[in-house]
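Chain by chain, the residues:
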Number of protein chains: 2
Amino acid sequence: MLAASKPFSGTAVVPIDGLLRTCNQTESRIATIPPRTRLFLPGIDRSETFRIRTGCIALFQLLPDGRRQIVDILGPDRLFGRGISDLHQCGAEALCETEVELVTAVRRSLDAEINQAVRLMLRRAQAHATLLGRKTAGERIASALIDLAGQFAGEASSRFQLHLTRTDLADWLGLTLETVSRYLNRFRREGLVSFEGPSHICLRDRAGLELIAGGRDLVDAQ
Amino acid sequence: MLAASKPFSGTAVVPIDGLLRTCNQTESRIATIPPRTRLFLPGIDRSETFRIRTGCIALFQLLPDGRRQIVDILGPDRLFGRGISDLHQCGAEALCETEVELVTAVRRSLDAEINQAVRLMLRRAQAHATLLGRKTAGERIASALIDLAGQFAGEASSRFQLHLTRTDLADWLGLTLETVSRYLNRFRREGLVSFEGPSHICLRDRAGLELIAGGRDLVDAQ
DNA sequence: CGGCTCCTTGAGCGCTCTCAAGCCCGGTGG
DNA sequence: CCACCGGGCTTGAGAGCGCTCAAGGAGCCG
């Protein structure tokens, strides 16, 4: 039996149509989701889609005994909603305060955008399967850091805020939080990364990390 | 270091446009791919899509050192092609003699079908991530058997041909061939399955397998 | 018959998990 | 001000699942 994260209980659960309503009232298409909010999408129309403006959302699945697998981490500019990932199979949780924008039918190119987003998720899911099935713990951590830098650090920068806890990272990478902690600190001791507090990370040796990651990650082209 | 399958070398590699040409010559839309043929899709138009009529195709990724991860197993009626899975990131290999049908623009509903197929692949990929990240070896084998029965056994039947070798199963499930063999034989000793030869399998206790699989698999609805 | 591929089975090891203790830090209340 | 508490993180010690290595069997083909 692999790590069984403690079953979620305390976190707030927010129906996303509630957010929608506030959207409409304020004549705005933008909603703000508080940190650690679980989203669910009750009767959402397939065409209702959100774009993340700032923040971070995790998509996850649960096994009956409480084991959790995070299947993707969504950063700024990623789309999500019922038409994208089939969220009736996934839960979604905002890992920090997250601003989302409703993009329903703003323009007619939306369908194409959604299909692109679905294909991006598929490519990421396939690369993630390779990570989960065939990479060692160290390789997984290195891959994750590179991925997160790509999503949350500015183009030129290698510094970013880590919205995930050690437990989140473990549930994303198929490890335990102890193993995640051990490898992060090992990478820090080896000068590959540095922390400023446990949730700010700077990649000090990106090439070294990419080497460890086990070959260039297959998801980068759009 | 996890299992590094021996690097592939001997298997035939067939450009899929070669198959296409024979298609056109015979005025047929159907091509037959020999067993253990690697496909690659050189200058294929995005809209050229195949439907599997009979047989089995594996999509896989390779790490630089030769480790292989099979990201999906495609059985009859599944679509594939460049517009579906982004095959420039995946290799594809026919695991047995496989008949495919070119479905380019036969009807105008094709786009919708392709999008459905992509979404199915995404759902399967997410369920597979949960398998790889959070399930034990026994749970993975049980899940795989149920999945394969769904794709390759007739609706009512629980008997099917296993087109995958033990190595293929291992590379799909993130295990080694020895572990796969051990659990398959353990399930046989426990009366959950039976073999007729190493490549014909019959599920004797589907409910038991589903229990072991760690909760109903999340991919079944289309 | 040899040679090949695939499969099975055993013995032992090691990577990662499990269990446990303790630290850091912010919040809260005395 | 300090005490207390709780969540998240770090670190160590030991155990176990699945990997590694190895030997041998079964089936097929020339």
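Below is a summary of the structure that appears in this document. (Residues numbered from 1 in each chain as written. Chains lettered and ligands numbered in written order. Predicted model: local features only at pLDDT ≥ 70, side-chain atom pairs only at ≥ 80, totals over all residues. Heavy atoms only, no water.)

## A word on the environment of Leu131 of chain B
All names here are of chain B. When you line up the elements, Leu131 lands in helix α2 (residues 110–134). The class of Leu131 is buried, set by a relative accessible area of 6%. Distance from Leu131 to Gly174, taken between C-alpha atoms, is 9.1 Å for residues 43 residues apart in sequence. Excluding residues that lie within four positions of it along the chain, Leu131 makes contacts with Arg140, Ser143 and Leu173. (Helix = DSSP H or I, 4+ residues; strand = E, 2+ residues; numbered from the N terminus. Buried < 20%, exposed > 50% of the residue type's maximum accessible area, 1.4 Å probe, protein only. Contact = heavy atoms within 4.5 Å.)

## Structural notes on the interface of chain A and chain B
Opposite the 44 residues of chain A that make contact, chain B presents 44 residues. Buried area between chain A and chain B, both sides added, is near 3,900 Å², and the carbon and sulfur share of it is 52%. Considering only the side of chain A, the residues that lose the most area to chain B are Arg119, Gln126 and Arg134 of chain A, jointly responsible for 22% of the buried surface there. Between the two partners, chain A and chain B, sit 4 salt bridges. With its nearest N and O atoms 2.9 Å apart, the salt bridge here joins Arg67 of chain B to Glu139 of chain A. The interface formed by chain A and chain B contains 15 residue pairs in polar contact (both at pLDDT 80 or more). Elements with a contribution of two residues or more to the side of chain A that touches chain B: β6 (68–74), α2 (110–134), α3 (137–152) and α4 (166–173) of chain A. (Buried area = accessible area lost by both parts, 1.4 Å probe. Salt bridge = Lys/Arg side-chain N within 4 Å of Asp/Glu carboxyl O. Polar contact = N/O pair within 3.5 Å; in protein donor to acceptor, adjacent residues only side chain to side chain.)

## A word on the packing of aromatic side chains
All names here are of chain B. Taken as a whole and assessed by the stated rule, the structure comprises 4 aromatic pairs over all chains. Here Tyr183 and Phe187 contribute two aromatic rings whose centre-to-centre distance is 6.4 Å and whose plane-to-plane angle is 70 degrees, an arrangement assigned as edge-to-face. In this pair, Tyr183 and Phe187 both sit in helix α5 (residues 177–189), 4 residues apart, roughly one turn of the helix. Look at Phe187 and you get buried, because its relative accessible area is 3%. (Phe/Tyr/Trp six-rings, centres within 6.5 Å; stacked < 30°, edge-to-face > 60°.)

## Notes on the pattern of salt bridges
As a working rule, side chains carrying opposite charge can pair if their charged atoms are close by. Taken as a whole and judged by the stated rule, the model has 30 salt bridges over all chains. In this structure, Arg51 of chain A engages Glu113 of chain A in a salt bridge whose closest nitrogen and oxygen atoms are separated by 3.0 Å. One end of the pair, Arg51 of chain A, is in strand β4 (residues 49–54); the other, Glu113 of chain A, is in helix α2, and 62 residues separate them in sequence. According to the relative accessible area criterion, Arg51 of chain A is buried, its value standing at 14%. Here Glu113 of chain A falls in the partly exposed class, since its relative accessible area comes to 23%. Put simply, Glu190 of chain B and Arg186 of chain B hold a salt bridge, and the shortest N to O gap is 3.4 Å. Bridged by salt links that share partners, the residues Arg36, Arg68, Glu93, Asp168 and Asp171 of chain A together with Arg134 of chain B form one connected network.

## A short note on the packing of helix α3 (residues 137–152) of chain B against helix α4 (residues 166–173) of chain B
Residues and elements named next belong to chain B. At a minimum axis separation of 11 Å, α3 and α4 run at an interaxial angle of 110 degrees. Accordingly, the angle class assigned to the pair α3 and α4 is roughly perpendicular. Facing α3, whose interface residues are Arg140, Ile141, Ala144, Asp147 and Leu148, α4 presents Leu169, Trp172 and Leu173. Grouping the constituent residues of the contact of α3 with α4 by class yields 6 nonpolar, no polar and 2 charged. (Axes fitted to C-alpha atoms, helices over the stretch in contact; angles between N-to-C directions. Parallel < 35°, antiparallel > 145°, perpendicular 65-115°, else oblique. Nonpolar A, V, L, I, M, F, W, Y, C, P; charged D, E, K, R; others polar.)

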